[in-house]
Amino acid sequence: SDVPMNGTVTTQWGQIYLTGTDADSNVFQLDTTDFIACYGFHVEAPAGSTVLVNISGSTVMMNWFQPFLTGIAVDHLFFNFPDCVAMQMNGIGWKGSILAPNATMQFNNGQIDGALIVSDLQGNGESHHMPFDGDLPVEGEEEFVVGSFD
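These numbers come from a predicted model, not from an experiment.

Describe the pattern of salt bridges, naming the residues involved and giving the relevant values.
Applying the stated criterion across every chain, the model contains one salt bridge. Among the ionic pairs, lysine 95 bridges to aspartate 113, the shortest N-O distance being 3.6 Å. In this pair, lysine 95 is assigned in strand β10 (residues 93-95) and aspartate 113 in strand β12 (residues 111-113), connecting sequence segments 18 residues apart. Like aspartate 113, lysine 95 is buried.

Structure, rendered in structure tokens:
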């Protein structure tokens with residue numbers, strides 16, 4: 001997505017901190033390499049707002065950590081991996097929906113609270129039904145609501 005970033009990304013001691021202050025929409029940009037030495041992941045944004053995290057890169061390994069949320073609800077957290085072709089998640093308690101339509105995912109010993117959209121899924125990870133219910137910003141448009149198909 002080409003929606004401009006308006007949130008702050010900080011990394012320190014193996015922790016990634018995403019901090020947003022917009023009451024409606026908070027957008028962050030990461031790279032798959034940011035997860036190589038990641039031991040903790042924190043997202044803070046106002047309650048009721050939507051968080052969009054665009055993550056560039058073709059491969060990602062997310063192992064042995066859990067995202068911690070402050071303010072933001074799981075069903076308003078969306079991770080977009082537009083270029084990813086290979087994903088690995090192990091020993092993780094993931095929070096938020098993942099869109100990686102071109103990725104083959106190996107997912108073991110963990111769970112995801114949210115939607116998971118990948119090309120191919122292997123492993124024994126479990127999914128908890130918490131569909132995305134936020135408002136995603138779209139370049140050139142005000143916004144659209146995901147999941148509103150009436």
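Kindly report on the environment of aspartate 135, identifying the contributing residues and their values.
Mapped onto the secondary structure, aspartate 135 falls in strand β15 (residues 135-138). When its relative accessible area of 28% is taken as the criterion, aspartate 135 is described as partly exposed. Considered as a pair, aspartate 135 and glycine 20 are 115 residues apart in the sequence and their alpha carbons are 15 Å apart.

An account of the environment of aspartate 113 is needed here, citing residue identities and associated values.
Its relative accessible area of 9% is what places aspartate 113 among the buried residues. Remark: the alpha-carbon pair of aspartate 113 and isoleucine 98, spanning 15 residues in sequence, is separated by 9.9 Å. Discounting chain neighbours no more than four positions away, the residues touching aspartate 113 are Val74, Trp94, Lys95, Gly96, His128 and Met130. Here histidine 128 takes part through its side chain, which lies 2.6 Å from a polar atom of the side chain of aspartate 113.

How would you summarise the pairing of strand β4 (residues 40-44) if you had to cite specific residues and measurements?
Looking along a regular strand, one sees the side chains alternate between the two faces of the sheet. Relative to β4, strand β2 (residues 15-19) runs parallel, the two sharing five bridges. Residue glutamine 15 lies in a different strand from β4, and its bridge partner there is glycine 40. Bridging between β4 and strand β7 (residues 67-70) involves four bridges; their strand directions are parallel. Bridging from a neighbouring strand, glutamate 44 pairs with threonine 70 of β7.

Cut-offs applied
- Within every chain, residues take consecutive numbers counted from 1 along the sequence as written.
- Per-residue local features are limited, in this predicted model, to residues with pLDDT of at least 70; the limit for side-chain atom pairs, both in listing and counting, is 80 or more; totals at the level of whole chains, interfaces and linings are taken over all residues.
- In computing side-chain values, all of the structure's heavy atoms are included and hydrogens and water are not.
- Each salt bridge in this description consists of a side-chain nitrogen of Lys or Arg and a carboxyl oxygen of Asp or Glu lying within 4 Å of one another.
- Secondary structure elements are taken from DSSP: a helix is a run of H or I of four residues or more, a strand is a run of E of two residues or more, and numbering for both begins at the N terminus.
- Residue exposure (1.4 Å probe, protein chains only): buried if accessible area is under 20% of the type maximum, exposed if over 50%, otherwise partly exposed.
- Only heavy atoms enter the contact rule, under which two residues are in contact if any of them lie within 4.5 Å.
- Polar contacts here mean pairs of N or O atoms no more than 3.5 Å apart (in protein, one a potential hydrogen donor and the other a potential acceptor; neighbouring residues in sequence count only if both atoms are side-chain atoms).
- In this scheme, strands are said to pair when DSSP sees at least two bridges between them.

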